[in-house]
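Okay, here's what each chain looks like letter by letter:
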Number of protein chains: 2
Amino acid sequence: MEIYHLRKNTLISFLKWPEIITWGQNHYRDRTFNQNERIPIRAGLLYLVQSGAVSLMGNARANILSQKISPEETKETFLGLMGTGYPFEVTENTHFKLRALARVDSTSVIWLYWHDLDNWPNFRLEVSDFFRYQHQRQLLWLTVLGQRQAIDRLWGFLTLLIEEYGKTVDKRVCFPYPLTHSQISNAIGSTRVTVTRLMGKLRQQGLISVDADSTICLLDRNK
Amino acid sequence: MEIYHLRKNTLISFLKWPEIITWGQNHYRDRTFNQNERIPIRAGLLYLVQSGAVSLMGNARANILSQKISPEETKETFLGLMGTGYPFEVTENTHFKLRALARVDSTSVIWLYWHDLDNWPNFRLEVSDFFRYQHQRQLLWLTVLGQRQAIDRLWGFLTLLIEEYGKTVDKRVCFPYPLTHSQISNAIGSTRVTVTRLMGKLRQQGLISVDADSTICLLDRNK
């Protein structure tokens, strides 16, 4: 098995980025967050991650068959990560709530109305193309999450995530942000206990390594 | 529970559609398929569904822990549906194969290179915005597929699909294409047997109805 070839940066090297960051700062449209702090997001706005990283979380009303749902019964799903230089947005929906959390300290975000982008038509097109690319990535996520076995969902999830965000260190490609087994289980529709057991299996097979600080890396089996 | 408000058509009323369809036909870039016929797709091309509907399927290498994988061990996931008037595209990936199938007879598709769209810059922007919208829809799909209970994944899957493509008939909103329990199970990472059992539960609860021809409908509980 080869390590995935990274395809990132093909669409996110926005030409006008510095100009737009400056514009956001001059218009008081920037704010910095601590790790795990909630980032207020509104439909109709475009957000740009200036530094740090942002997790996007989805909340569906769990257990449709029970008549009354307490807040504890809703379960939050990890939907993806936006690193420095990534745009993101959310739309309104009655049945799903999306929220954004700062993934690390000093995560800084600026925001714009879509019509602000009329000033930078090429940037607008670049952002749209980025979401086009994200759409393609999500088709792969959906392929992974449609797998019946939790081990296949786990492996697919880790490879997609590390393909997108991984940093190469000594023939290993590592995920540069903290990621708990509980967070993984919330992404792949499994339990924390199952994820811990299956992570052990992947380690034994020499597919992944986990460092003392919990950093998860894919190993190159051809080395 | 209210029936979802349909948000479709907000982004897919492409102004230049008839002109581009004519262009495709004049350039021999159109072809018609029978139900379940495979539509050849290549990365770098944009496809437009001129009539009928197309299913997008993803193939991941299942069972990562076994050393040799026979073709029967790979499992195909239902990734989504493109109805008449929808654009779609796929990108290359070593580990995942996407394929497109005609959903109904007389499904007709035209194709363009992305650079062909330089002739119609506004159409290009409309298509990009459509994929931006699809990206948002997929965040909701991912929220649904991250649910631990199969019943919640099933219910979320049906409501998202019918919200997007459903046709209203007598206070019911129905999915206008054939959809088997096996196909549903391949979308939500479950088994056909489980889907059949859980569809029975949703029917008993008065959440859905299934017609003699297997058409699935959401019922409005407030009627």
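Computed from a prediction, not measured in an experiment: that's the story for all the values here. (Residues numbered from 1 in each chain as written. Chains lettered and ligands numbered in written order. Predicted model: local features only at pLDDT ≥ 70, side-chain atom pairs only at ≥ 80, totals over all residues. Heavy atoms only, no water.)

With that settled, consider the state of the cysteines. Residues and elements named next belong to chain A. In the structure shown here, the tally under the stated rule is two disulfides over all chains. At a sulfur-sulfur separation of 2.1 Å, the disulfide partner of Cys-174 is Cys-217. With the S-S dihedral at roughly 100°, the linkage between Cys-174 and Cys-217 falls on the right-handed side. Here Cys-174, found in strand E10 (residues 172–174), pairs with Cys-217, found in strand E12 (residues 216–219); they are 43 residues apart in sequence, far enough to count as distant. On the basis of relative accessibility, which here comes to 0%, the residue Cys-217 falls in the buried class. (Disulfide = S-S within 2.5 Å. Helix = DSSP H or I, 4+ residues; strand = E, 2+ residues; numbered from the N terminus. Buried < 20%, exposed > 50% of the residue type's maximum accessible area, 1.4 Å probe, protein only.)

Residue and element names in this part refer to chain A. Strand order in this open sheet of four strands is E1-E8-E3-E6, and the pairing throughout is antiparallel. Edge positions in the sheet fall to strand E1 (30–33) and strand E6 (87–88), since each has one partner strand and no second. Two strands pair when backbone bridges link them, and strand E3 (residues 45–51) and strand E8 (residues 107–113) are joined in this way by six bridges, in the antiparallel orientation. Considered in E8, the bridge of Tyr-47 is made with Trp-111. Most of the contacts of helix H1 (residues 17–26) go to E3, to which it runs at about 105°, and overall it touches E1, E3 and E8. (Pairing = 2+ DSSP bridges. Contact = heavy atoms within 4.5 Å. Axes fitted to C-alpha atoms, helices over the stretch in contact; angles between N-to-C directions.)

Counting residues in each nonpolar core, the largest one holds 142 residues, and the members touching the most others are Phe157(A), Ile184(A), Phe157(B) and Ile184(B). When near neighbours in sequence (up to four residues on either side) are disregarded, Ile184(A) contacts Leu154(A), Phe157(A), Leu158(A), Leu179(A), Val195(A), Met199(A) and Ile216(A). (Core = buried A, V, L, I, M, F, W, Y, C linked by side-chain atoms within 4.5 Å.)

What follows covers unusual backbone geometry. A negative phi angle is the norm for most residues apart from glycine, just as the trans form is the norm for most peptide bonds. All names here are of chain B. The backbone of Ser-106 sits at a positive phi, close to 60°, despite the residue not being glycine. Mapped onto the fold, Ser-106 is located in the loop between strand E7 (96–102) and strand E8 (107–113). In this structure, Asp-170 takes a positive phi of about 50° despite not being glycine. Position of Asp-170 among the secondary structure elements: in the loop between strand E9 (167–169) and strand E10 (172–174). The exposure class assigned to Asp-170 is exposed, which follows from its relative accessible area of 69%.

Here we come to the relation of the copies chain B and chain A. Once chain B has been moved 0.0 Å along the axis and rotated by 180°, it coincides with chain A to within an RMSD of 0.0 Å. Both chain copies can therefore be described as sitting about a two-fold axis. Across chain B, the rotation axis passes nearest the C-alpha of His135(B), at a separation of 2.3 Å. An overlap of 100% is found between the interface residues of chain B and their copies at the interface of chain A, pointing to a shared contact surface. (Least-squares fit on C-alpha atoms with pLDDT ≥ 70 in both.)

Here we come to the confidence of the model for chain A. Residue and element names in this part refer to chain A. Counting all residues, the mean pLDDT for chain A is 84, and 86% of those residues have values of 70 or more. Here residues 1–11 scores under 50 on pLDDT; set against residues more than four positions off or in separate chains, the count is 34 contacts. The complex model carries a pTM of 0.84, and its ipTM stands at 0.83. (pLDDT = per-residue confidence, 0-100.)

With that settled, the discussion passes to the packing of aromatic side chains. Inspection of the entire model under this criterion finds 19 aromatic pairs over all chains. Taking the centre distance of 5.7 Å and the plane angle of 70° together, the rings of Phe175(B) and Tyr177(B) count as edge-to-face. We classify Tyr177(B) as buried; its relative accessible area is 17%. Joined through ring pairs, the aromatic side chains of Tyr86(B), Phe130(B), Phe131(B), Tyr133(B), Tyr165(B), Phe175(B) and Tyr177(B) make up one cluster. A cation over an aromatic ring shows up here: Arg132(B) above the ring of Trp114(A), its NZ or CZ 3.4 Å from the ring centre. (Phe/Tyr/Trp six-rings, centres within 6.5 Å; stacked < 30°, edge-to-face > 60°. Lys NZ or Arg CZ within 6 Å of the ring centre and 35° of its normal.)

Our next topic: the sheet that holds E10(B). Residue and element names in this part refer to chain B. In spatial order, the strands read E9-E10-E12-E11; together these four strands make up an open sheet with antiparallel pairing. For this open sheet the edge positions go to E9 and strand E11 (208–210), each flanked by a neighbour on one side alone. Within this sheet the neighbouring strands show an average axis-to-axis angle of 35°, counted without direction. Sheet contacts for helix H5 (residues 192–204): E11 and strand E12 (216–219); angle to E11, the most-contacted strand, approximately 115°.

If you trace the backbone, Asn186(B) turns up in helix H4 (residues 181–188). The buried category is assigned to Asn186(B), whose relative accessible area is 17%. When residues no more than four places from it in sequence are discounted, the contact partners of Asn186(B) are Gly146(A), Arg148(A), Lys75(B), Glu76(B), Thr77(B) and Phe78(B).

Another aspect to go through is the interface of chain B and chain A. Size of an interface: often given as the accessible area lost when the parts come together. Tallying the contact residues gives 61 residues for chain B and 61 residues for chain A. Here Arg132(A) makes a salt bridge to Glu89(B), at a shortest N to O gap of 2.7 Å. Where chain B touches chain A, the interface holds 16 residue pairs in polar contact (both at pLDDT 80 or more). For the side of chain B that touches chain A, the secondary-structure elements that each account for two or more residues are strand E4 (54–60), strand E5 (75–82), E7, helix H2 (121–145), helix H3 (150–165), H4 and H5 of chain B. Sort the elements by how many residues they give to the side of chain B that touches chain A and H2(B) lands first, with 17 residues. (Salt bridge = Lys/Arg side-chain N within 4 Å of Asp/Glu carboxyl O. Polar contact = N/O pair within 3.5 Å; in protein donor to acceptor, adjacent residues only side chain to side chain.)

Attention now goes to the packing of helix H3 (residues 150–165) of chain A against helix H4 (residues 181–188) of chain A. Residues and elements named next belong to chain A. The interhelical angle for the contact between H3 and H4, taken along N-to-C directions, is 110°, at an axis separation of 10 Å. What the angle tells us is that H3 and H4 run roughly perpendicular. Where H3 abuts H4, its residues Ala-150, Arg-153, Leu-154, Phe-157 and Leu-158 lie against Ile-184, Ala-187 and Ile-188. Per-class residue counts for the contact of H3 with H4 are seven nonpolar, no polar and one charged. (Parallel < 35°, antiparallel > 145°, perpendicular 65-115°, else oblique. Nonpolar A, V, L, I, M, F, W, Y, C, P; charged D, E, K, R; others polar.)

This paragraph deals with the pairing of E7(B). Residues and elements named next belong to chain B. Among the seven residues of E7, five are classified as buried, and the element is accordingly described as predominantly covered. Relative to E7, strand E2 (residues 38–39) is paired through two bridges, and the arrangement is antiparallel. Bridging from a neighbouring strand, Arg-38 pairs with Leu-101 of E7.

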